[in-house]
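Here is what each chain is made of, one letter per residue.
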Amino acid sequence: MNRARIIRLLLAATLMAAAGWVLRGYITDDTYIHLRYAQNLIDRGEFSFNPGQGSYGATSPLWIFGLAILLKIGMPPFAAAWVLGCVSGVTMILIMDSILERMTFHPIWKGALLVLATSDVWFLRWSYSGMETPLATAFLLLLLWPLVSGRDLGWGVTREALWMRYLGWGVTAGLAGLIRPEFMILAPLALPWLLWFEYFRAGSVGGLSGRHKARPHRPLLAAISGWSLVVVPWLVYAWFAFGRITPGTAAAKSSSSGASITDILQYFGMSLKQLAATQGILWLVLLALVVLVLIRNSRDLETIWEEVEEEANSYDKQDRLATGQGPWSVWGPVTLLGIAVTWFFVLLGGYAVKQVWIISRYVSPLAPVILLAMGVLAEWLINGQRLGPRGLRVGNTVLAVGVIFTLAGNAWIFSTMVVPHAQKFPEGVRECYLGMGEWLSENTHEEAVIAALDIGAVGYASERRVLDLMGLVSPEILALGQEIGFQEMVASGAWLQTEELGSGRRPDYFVDRSEGLPRWEGKTVNGVRFELIDTCILEGVGLREPQPWTVALYKLVSVGKSVTDSAGG
C-alpha cells in the first residue's frame, strides 16, 4: 500500500473516530423500531413490531437482519445498533478508497475526495444514529465497481466471465433494495449504463471481436437473475405475510393528494437543499470550471463533445494497454456521470412526485456517487482541455478553494446543528418516550393497547401492543389515514374508534406530541375522555424542527356517549 493511500485512510479513520466520540449516545426513535423488529425476529421468528402481527413497518429488512445477528450473539441492543452503523460507515470508506485507487486522479485529489465523502455531515450523523443510511451508502458505491474492476489485468481482460461479474452485481443490487425500498428501482437503473460501458471497453481492446464477446444478453440475464434471487423471495414473503410488497412508510410519509407541478418543484427543492448543504459549493466550483474552459478555449459545447469522441478513438490498442488509460479515458467518466445523473433525478424526482417529506438520510447515500462524478468531470475540465500552465493553476486553485470551503461548511453544520441536536434529542427520547414506555410496562395490563404518533421507544420499553397513528405498523390506521388524511384523522379523533388488529381492542392509552400545552387535556371526543397522566418536553424532532415539543401521556376512558366537546388538533 502506497504512502498517499495510507495517509488518506488515516485521515478518514480519524474523522470517523472523532465524530463517533462526539456523537456517542445518539439514537433516534426509529432506531427503537428496528430494535423491536430485530428482537421479535429472534424471540418469535417473525417480522413484526406488535408480537403475532406481521407488519411491513420498517424500511430496511437487511438492517434488521443484521441487528438480529448481533443481538443473537449477545451484544446489547444499543451497542449492536452503534457497531452496525460504525462498521457500515467504515465499509463505505473502504469501498470509496478502493474505487479511487483504481482511478486516474492525482493522489492529492484522491485524498480530497475521500475526506470529502467521510466528512459529509449527513453521513457522519446517520452513521452513529443506529439507522441504515451508511449501509445504503456503501451498497450504492459497490454498484459502481464494474467501472473500475479488471484494470489489474488490462482492459477487457478480467479474472471471471462477464456474466459472473454481473450475477454478483445483480445480487448486490437486490440486497440494496432490502436496505432502502426505493433502491428496488434505483439500483437496476445503473445496469444499462454499465452494459453500455462494457461494450465500449471490450471494443476498445479487442475491436469487433471484443464487442462481440461483450454483447449484453448474458450479463443482462445474469444481473436480472442475481437481482431476482434476492428480491423475488422477499416480495413473495412480504405479500403473503403483510399483504403488501412496499413498506407502510412509503404510503404514510407521502401525500395522498395529486401533485401539481408547483408541488413537485417544491418537494424536489427540499431534497436538493439537503445535498446542497454539504456539497453545494462544489457544484458552483464545477460551474466555474466550465466557464473557465469555455473562456480559455472559445469553444461551444457541441465542439467539445466532438473532441470527446475524437479522443475516445485516438488511442490504438497497444497505447491503451501500455498506459493503463484504455476506454476509461472517456467512456468510464461518461458512464459514471450517466449513473450519477440518472440516480439523482430518479431518486429526488420520485420523492417529489410522491410528495415525501424529506430528511437528510433519504438522499445522503447519493453524496459519494455525486462526488466521484464531479471528480471525473473536474479532472476532464482541468487536464483534458489544454488550458495551459496558467489555466491549470487557476483551475486547481479554484478546486482547492472549493474543497476547503466545503470542509469548513460541513464542520460548521456539524458543530452548530448536528452536535446540539445529537445531545438534546436522545436525552429527550429517553426521558419522554422511553420513560413513559417504562411507566406503561409497570402500570398497565399486558393486553393494553397504546396509541402513539412516535412508536419506537414507547413500544420498545412498554412491550405493549401499539396502534401506530402514522400507520407504519398498523395497516388499519394506514387505510384510514389514506382515506381522510393523517392530520385530519388524528385531529378529529377518528382513530379512537379503530380496533388494533392483533388484539381486537381499542386503544387504552395515548402518547401524543404537539407544540405548546397538551392539546387533548380535559377533552371528550367520540365518547372517550382524555385523562392526562404525565407530560415531558422533547427538544426538537429534527434539525428543521428545533422548537420544543410537548409529549403527553393520556389514559383513554370511555364515558358511554358520542358527544364531541372539542377535537384535539
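Residues numbered from 1 in each chain as written. Predicted model: local features only at pLDDT ≥ 70, side-chain atom pairs only at ≥ 80, totals over all residues. Heavy atoms only, no water.

Enquirer: Sorry if this is basic, but what is going on with the pattern of salt bridges here?
Expert: Pairs can form between side chains of opposite charge whenever their charged atoms are close. In the structure shown here, the tally under the stated rule is 14 salt bridges. Two residues, Glu132 and Arg361, come together in a salt bridge whose shortest N-O distance is 3.3 Å. Taken as a pair, Glu132 in the loop between helix H6 (121-127) and helix H7 (133-142) and Arg361 in helix H17 (residues 360-363) lie far apart in primary sequence, 229 residues in all. By relative accessible area, which is 5% here, Arg361 ends up buried. (Salt bridge = Lys/Arg side-chain N within 4 Å of Asp/Glu carboxyl O. Helix = DSSP H or I, 4+ residues; strand = E, 2+ residues; numbered from the N terminus. Buried < 20%, exposed > 50% of the residue type's maximum accessible area, 1.4 Å probe, protein only.)

Enquirer: Got a minute to help me understand a nonpolar patch on the surface in this structure?
Expert: Taken together, Val232, Val236, Trp239, Phe240 and Ile245 make up a surface patch of nonpolar side chains, about 540 Å² in accessible area. Along the chain, Phe240 turns up in helix H11 (residues 217-242). Residue classification places Phe240 among the exposed positions, given a relative accessible area of 70%. (Patch = residues over 30% accessible without salt bridge, like charges linked within 9 Å, V, L, I, M, F, W, Y side chains within 5 Å. Areas by Shrake-Rupley, 256 points an atom, 1.4 Å probe, with all protein chains shown as cover.)

Enquirer: Would you mind going over the environment of Leu347 with me for this structure?
Expert: Considering the arrangement of structural elements, one finds Leu347 in helix H16 (residues 331-354). Assessed through its relative accessible area of 5%, Leu347 is described here as buried. In this structure, the C-alpha to C-alpha distance between Leu347 and Tyr362, residues 15 residues apart in sequence, is 9.1 Å. Apart from residues no more than four positions distant in its own chain, Leu347 is found in contact with Glu182, Leu186, Tyr362, Val363 and Leu366. (Contact = heavy atoms within 4.5 Å.)

Enquirer: For this particular structure, what's the right way to read the side chain of His421?
Expert: One can find His421 in helix H19 (residues 388-443). Within the local environment of His421, its side chain forms a polar contact with the side chain of Tyr26, the two groups lying 3.3 Å apart. (Polar contact = N/O pair within 3.5 Å; in protein donor to acceptor, adjacent residues only side chain to side chain.)

Enquirer: What is the right way to read the nonpolar core from this model?
Expert: One recurring pattern in soluble globular proteins is that nonpolar side chains are buried together. Leu141, Leu144, Trp169, Leu289, Trp343, Leu372 and Val511 are the most contacted members of the largest nonpolar core, which totals 147 residues. Residue contacts for Leu144: discarding those within four places in its chain leaves Ile99, Leu336, Ile339, Trp343, Val369 and Leu372. The next biggest cluster of nonpolar side chains, apart from the first, holds 21 residues, and it includes Val490, Trp495, Ala552 and Tyr554. (Core = buried A, V, L, I, M, F, W, Y, C linked by side-chain atoms within 4.5 Å.)

Enquirer: Is there a simple way to explain empty space enclosed by the protein in this structure?
Expert: Where empty space is left can be seen by rolling a probe of water-molecule size over the atoms. For the coordinates displayed, the defined rule picks out two cavities of 30 Å³ or more. The space that makes up the second largest cavity amounts to roughly 40 Å³. In terms of lining, the second largest cavity is formed by Leu116, Asp120, Thr278, Gln279, Leu282, Leu371, Thr406 and Asn410. Sorting the residues of the lining of the second largest cavity by element identifies helix H13 (261-297) and H19 as the ones contributing at least two each. In terms of residues, the lining of the second largest cavity owes the most to one element, H13, which gives three residues. Its residues placed into classes, the lining of the second largest cavity shows three nonpolar, four polar and one charged. (1 Å grid on protein atoms, 1.4 Å probe; cavity = no way out; pocket = protein on both sides within 12 Å on 5 of 7 lines; lining within 4 Å. Points joined across faces, edges and corners; volume = space filled by probe spheres on them. Nonpolar A, V, L, I, M, F, W, Y, C, P; charged D, E, K, R; others polar.)

Enquirer: Before we go on, may I ask you to explain the packing of aromatic side chains in this structure?
Expert: Two aromatic rings, taken as a pair, are described by how far apart their centres are and by the angle between their planes. One pass over the full model with this rule turns up 30 aromatic pairs. Here the aromatic rings of Trp193 and Trp196 are separated by 6.2 Å at their centres, their planes lie at 85°, and the arrangement is edge-to-face. With Trp193 and Trp196 both in helix H10 (residues 191-213) and three residues apart, this pair spans about one turn of that helix. A relative accessible area of 27% places Trp193 in the partly exposed class. Trp196 gets classed as partly exposed once you look at its relative accessible area, which sits at 29%. Plain terms: the ring middles of Trp234 and Tyr237 are 5.4 Å apart, the flat faces sit at 45° to each other, and that makes the pair tilted. (Phe/Tyr/Trp six-rings, centres within 6.5 Å; stacked < 30°, edge-to-face > 60°.)

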